[in-house]
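# Understanding the architecture of this molecule
Now for the letters of each chain:
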Amino acid sequence: MKRLLLLFSLLLIGASFASQPAAPALKAGAATSVITPPLGTSIVGGFAPFPAQHVHDELHARCLVLDDGKTKIALVVCDLLGLHRSVSVEARRLIQEATGIPPENVLISATHTHSAGTALGNSYASEQPLDEYQRFATRRIADGVQRAVNLLRPAQIAFATTEAPEHVFIRRWLMKDGTAPVNPFGKIDKVKMNPPVGSPNLIEPAGRTDPTISIIALREPGGRLISVYSAYSLHYVGGVGPAHISADYYGMYCDALTKLQSQPDDGSPPFVAIMANGTSGDANNNDYRKGRGPQKPYEQMRYVAHDVAAKVNAALANLTWKDRAELAARFRELDVRWRTIEPDLLKWAKETEARVKLAPSRDILPASYAGRVQRLALARQPSMVPVQILRIGDVCVGSSPCETFAETGLEFKQRSPIKHSFMVELAHAYLGYLPTPRHFELGGYETWPGTNYLEPQASVKVMDALVEMAREVSGK
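Residues numbered from 1 in each chain as written. Predicted model: local features only at pLDDT ≥ 70, side-chain atom pairs only at ≥ 80, totals over all residues. Heavy atoms only, no water.

This part is about the packing of aromatic side chains. Tallied over the full model, the rule gives ten aromatic pairs. With 6.1 Å between their ring centres and 85° between their planes, phenylalanine 185 and tryptophan 448 make a pair best called edge-to-face. With phenylalanine 185 in the loop between strand S11 (172-175) and strand S12 (191-193) and tryptophan 448 in the loop between helix H9 (437-442) and helix H10 (458-474), this residue pair connects regions lying 263 residues apart in the sequence. There is no split in this pair, since phenylalanine 185 and tryptophan 448 are both buried. (Phe/Tyr/Trp six-rings, centres within 6.5 Å; stacked < 30°, edge-to-face > 60°. Helix = DSSP H or I, 4+ residues; strand = E, 2+ residues; numbered from the N terminus. Buried < 20%, exposed > 50% of the residue type's maximum accessible area, 1.4 Å probe, protein only.)

The structure is reproduced here in structure tokens:
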């Protein structure tokens, strides 16, 4: 009798499990929208903007949408230097209106190409009316996400990493005492950004790089690739033609990876490659020990893009694919304070601006920072720093609205409770550089008021919020 009762109980348990519906399979869709501005638009990558005279390659918003049957999320990467918070707010409003995807489930970031127009606006205000190009960009971002939703289809997902250390170098160098040049404020820093190549005054890099490329791949079940979303902590490469608009290596990488797939032109939705900027605020493509010789426009950019694409493509050959991935999102706007502008610094800014007006061709750098300091002094508290977490199965993407140092991205990978974690910078806003507290003691370009917008503890507050949100979505 006991055996019969045990058998009956096991049958009931089995029937109960069998009656529960299986978790729905994952769906994915991807699309792109052109966001190239018209010729004559100001290219804003340097201290003195100049009008664009040629489009070398089109700028895009590259969009990926995922649906686990309960939750939809969207990841968008734009070929822009950065975007104002109001651009993200309006784009996400349009996306929700068209697709129903909640704003907190949409991650919009910029690549930081220095050869694009601007979607930054003209002030540090957290909210501002959109100009003509910003309105165009928000519409095209929303269109791209809506088209990706239209293309949702059953998908398998995989995560991988590959290494490309030969392209990333710390650009902040400790210098021998007193050998760094005088900064715009009349002081000498301990570090120099982009120091003279091969200088005997170089001591060592002031940080460490993150050479890992994180890869989220989506494919039709057992079939063709839908999209590859990747993130690499490399600043733009540069070396464009005169007054050219270009997506920099990010766009070239996407084109190169697409060509490596050799997918037939049979009317199916096209493969969409996406490259986000990881955490590269203190890293770029220049080896300050060796340097490199003269190069033609786009030569170095093409070399980096094709090599990175080849490495990612090789990693795609050894993936473990899954049919399901639970999705979740968290979004916060942190109460972080703007950088404090002391009275003596504001006095310097006003005096410098008055002096430069008498001799406009001189002192471009001090004049630029005189204006930046005065605008920053007018910024209203709080700064409303947007941070976000997207969970995609055992993958976690964290975001920052700043040019974020590589060591911050490495810290997030270490502290996040989710197995495969990485960060994307310049998301939902552009709030200058995000040095860690120790770097404020060293000085240098990334810490100057007007390049750095936020309080010295901002990176700590951002990291703590990201880790806390990652714990929330991890269930741990």
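From this point, things continue past the structure.
Before going further, it helps to examine the pairing of strand S23 (residues 420-424). Along S23, four of the five residues are buried, which leaves the element largely enclosed by surrounding structure. In this sheet, S23 lies alongside strand S21 (residues 395-399) in parallel orientation, the contact comprising five bridges. Paired with serine 399 across the strands is valine 424, a residue of S23. (Pairing = 2+ DSSP bridges.)

Right, let's get into the pattern of salt bridges. Pairing of side chains with opposite charge becomes possible as their charged atoms draw close. Applying the stated criterion across every chain yields a total of 24 salt bridges. For glutamate 446, the salt bridge is made with arginine 171, and the minimal N-O distance between the two is 3.0 Å. Here glutamate 446 is found in the loop between H9 and H10, whereas its partner arginine 171 is found in the loop between strand S10 (169-170) and S11, with 275 residues between them in sequence. Taken individually, glutamate 446 and arginine 171 each receive the classification buried, so the pair is uniform in this respect. Between arginine 224 and aspartate 266 there is a salt bridge, with the nearest N and O atoms lying 3.2 Å from each other. Here aspartate 266 lies in the loop between helix H4 (248-261) and strand S17 (272-277) and arginine 224 lies in the loop between strand S14 (212-219) and strand S15 (225-232), a separation of 42 residues in the sequence. Each of Arg330, Arg332, Glu468 and Glu472 takes part in a single network of salt bridges with overlapping partners. (Salt bridge = Lys/Arg side-chain N within 4 Å of Asp/Glu carboxyl O.)

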